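Descriptive structure summary
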Amino acid sequence: MTQADITTVSAERAAADLRAFAARGPMPADGRADLIGLDRAALTALFAEAGLPKFRANQVWQWIYHKGATSFDGMTNLAKPLRQQLAERFRISRPAVATRQDSVDGTIKWLMRFADGNEAEMVFIPETERGTLCISSQVGCTLTCSFCHTGTQRLVRNLTAGEIVGQVMLALDELDGFPTAGTDRRLTNIVLMGMGEPLYNFENVATALRVIMDNEGVALSRRRITLSTSGVVPMMERCGEEIGVNLAISLHATTDDTRDILVPINKKWPLQQLLDACRTYPGVNNARRITFEYVMLEGINDSVEDAKRLVSLIRGIPAKINLIPFNPWPGSNYVCSSDEQIERFAQVVLKAGYPSPVRTPRGRDILAACGQLKSESRKQTRRELRAEAAE
């Protein structure tokens, strides 16, 4: 091997190391590796590097995800010297709670702060027979959907697998959700409908969901998890094959001209491509339908003609339609459709054989309803980064 070859290999390894570091997220100040967000194989490999057998990784896994342990001190089936060894090398983290807001209807919204200071929001929606946690996959959002408050915040960065899992762990802490095997658990469902486009952060989302679905931990079935996408068509099949969770599509329009404005990603993957991908989504059937989300905007997409086009567009796809009354936010230019117009729209869809529930707005008084999430985090400019590095 020539010197040039050695230099090239070294550069490639350095670049790979840098990418791996960036994907893992901010390293804690004390340098200990964070166990939250590692899937079972990665946790086992990390313990093997520390000279620990596989059964120790399984024990720690159950303490963390089944019992909710936040330190090694209480892991009583581990010898005290081993607990001390683990504490010196590893940590078990949660996002910090910057603020918590409780709505008059029982909805809870958390603004979470991560290790690098960036923030994202998460919402818990209690109902009679279920409790749904809406989590985020990015700080800010890649997309600029014109009706969505999150879309006014530019993408800062992807959340790591640990930060995605950490949201669920934080919610379980605050909802007394540990141990997770209880029959009266308050958190029963998860939706990736918070800040960000999950399919633009696929690897971290997939890893996080594998952790959440593991039967010896949080143990939420894939049938109780729904991933919402605005239509990243090339990733949809992979999502179905590798994760297998329920799919929701942020549709919101029945013509490309209107959807280009409401959901600009439509310019890249228009309606026909998106709906073709829905028809071939792995595992879709009448028992496991695709949910089409449709925000109701007065005079924009709420006519009876729109309803008829919608029925025609989704014909042949096992589906249900979630009609979402528009939730206003500061600076928004849209108006919610009237109750009467929403009902007329719903009746057209229902008569065509598609369930069309109208989603009851929850948490509006704390800006926790669909399309209202946003944080103050922003991506630093190059000038700001240079100035910070010079300090």
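What counts as what
- Residues numbered from 1 in each chain as written.
- Predicted model: local features only at pLDDT ≥ 70, side-chain atom pairs only at ≥ 80, totals over all residues.
- Heavy atoms only, no water.
- Helix = DSSP H or I, 4+ residues; strand = E, 2+ residues; numbered from the N terminus.
- Buried < 20%, exposed > 50% of the residue type's maximum accessible area, 1.4 Å probe, protein only.
- Contact = heavy atoms within 4.5 Å.
- Areas by Shrake-Rupley, 256 points an atom, 1.4 Å probe, with all protein chains shown as cover.
- Expected span 1.5 Å × (residues − 1).
- Core = buried A, V, L, I, M, F, W, Y, C linked by side-chain atoms within 4.5 Å.
- Salt bridge = Lys/Arg side-chain N within 4 Å of Asp/Glu carboxyl O.
- Pairing = 2+ DSSP bridges.
- Axes fitted to C-alpha atoms, helices over the stretch in contact; angles between N-to-C directions.
- Parallel < 35°, antiparallel > 145°, perpendicular 65-115°, else oblique.
- Left-handed = near helix turned anticlockwise from the far one by under 90°.
- Nonpolar A, V, L, I, M, F, W, Y, C, P; charged D, E, K, R; others polar.

1. Some remarks on the overall build of the protein
Summing up its helical and strand segments, the protein has 12 helices and 13 strands in all. For the protein, the residues scored as buried account for 51% of the 391 residues in total. Pairs at least 24 residues apart make up 66% of the contacts formed inside the protein by residues separated by at least 6 positions. By element, 50% of the accessible surface of the protein is carried by carbon and sulfur atoms, the whole surface being about 18,600 Å².

2. Re the environment of Ser303
Its location among the elements puts Ser303 in the loop between strand S12 (290-296) and helix H10 (304-313). On the basis of relative accessibility, which here comes to 21%, the residue Ser303 falls in the partly exposed class. Separated by 34 residues in sequence, Ser303 and Ser337 have C-alpha atoms that sit 9.7 Å apart. Not counting the four nearest positions on each side in its chain, Ser303 is found in contact with Gln341 and Phe345.

3. Some points on helix H5 (residues 161-174)
Counted at 1.5 Å a residue, the expected span for H5 with its 14 residues is 20 Å, and the 20 Å between its end C-alpha atoms agrees. Most of H5 is tucked away: 12 of the 14 residues are buried. One or two residues past the end of H5 sits Asp176, with phi positive at roughly 55 degrees.

4. Quick look at the nonpolar core
The biggest cluster of nonpolar side chains holds 110 residues, and the ones touching the most others in it are Leu35, Leu133, Phe147 and Phe292. When neighbours within four sequence positions are excluded, Leu35 is seen to be in contact with Leu43, Leu46, Phe47, Val60, Ile64, Tyr65, Phe72, Phe90 and Arg91.

5. A closer look at the pattern of salt bridges
Counted under the stated rule, the structure contains 14 salt bridges. Here Asp39 makes a salt bridge to Arg210, at a shortest N to O gap of 3.8 Å. Here Asp39, found in the loop between strand S1 (33-34) and helix H2 (40-49), pairs with Arg210, found in helix H6 (residues 202-213); they are 171 residues apart in sequence, far enough to count as distant. A salt bridge links Arg279 to Asp276; the nearest nitrogen and oxygen atoms lie 3.8 Å apart. In this pair, Arg279 and Asp276 both sit in helix H9 (residues 271-279), three residues apart, roughly one turn of the helix. Sharing partners across several salt bridges, the network here consists of Arg40, Asp214 and Glu216.

6. Comments concerning the pairing of strand S10 (residues 225-229)
Counting buried positions along S10 gives five out of five residues, so the element sits mostly inside the fold. Going residue by residue along S10, you find Ile225, Leu227 and Thr229 tucked away on one face and Thr226 and Ser228 tucked away on the opposite face as well. Pairing of S10 with strand S11 (residues 246-250), which is carried by four bridges, proceeds in the parallel orientation. Residue pairing across strands places Thr226 opposite Asn246, the latter belonging to S11.

7. Here's the deal with the packing of H10 against helix H11 (residues 339-351)
Running from N to C, H10 and H11 cross one another at 30 degrees; their axes reach a closest spacing of 9 Å. Judged on the interaxial angle alone, H11 and H10 are roughly parallel. The two elements H10 and H11 meet at a crossing, and its hand is right-handed. Of the residues in H11, those in contact with Val304, Asp306, Ala307, Lys308, Leu310 and Val311 of H10 are Gln341, Phe345, Val348 and Val349. For the contact of H10 with H11, the class distribution of residues is seven nonpolar, one polar and two charged.

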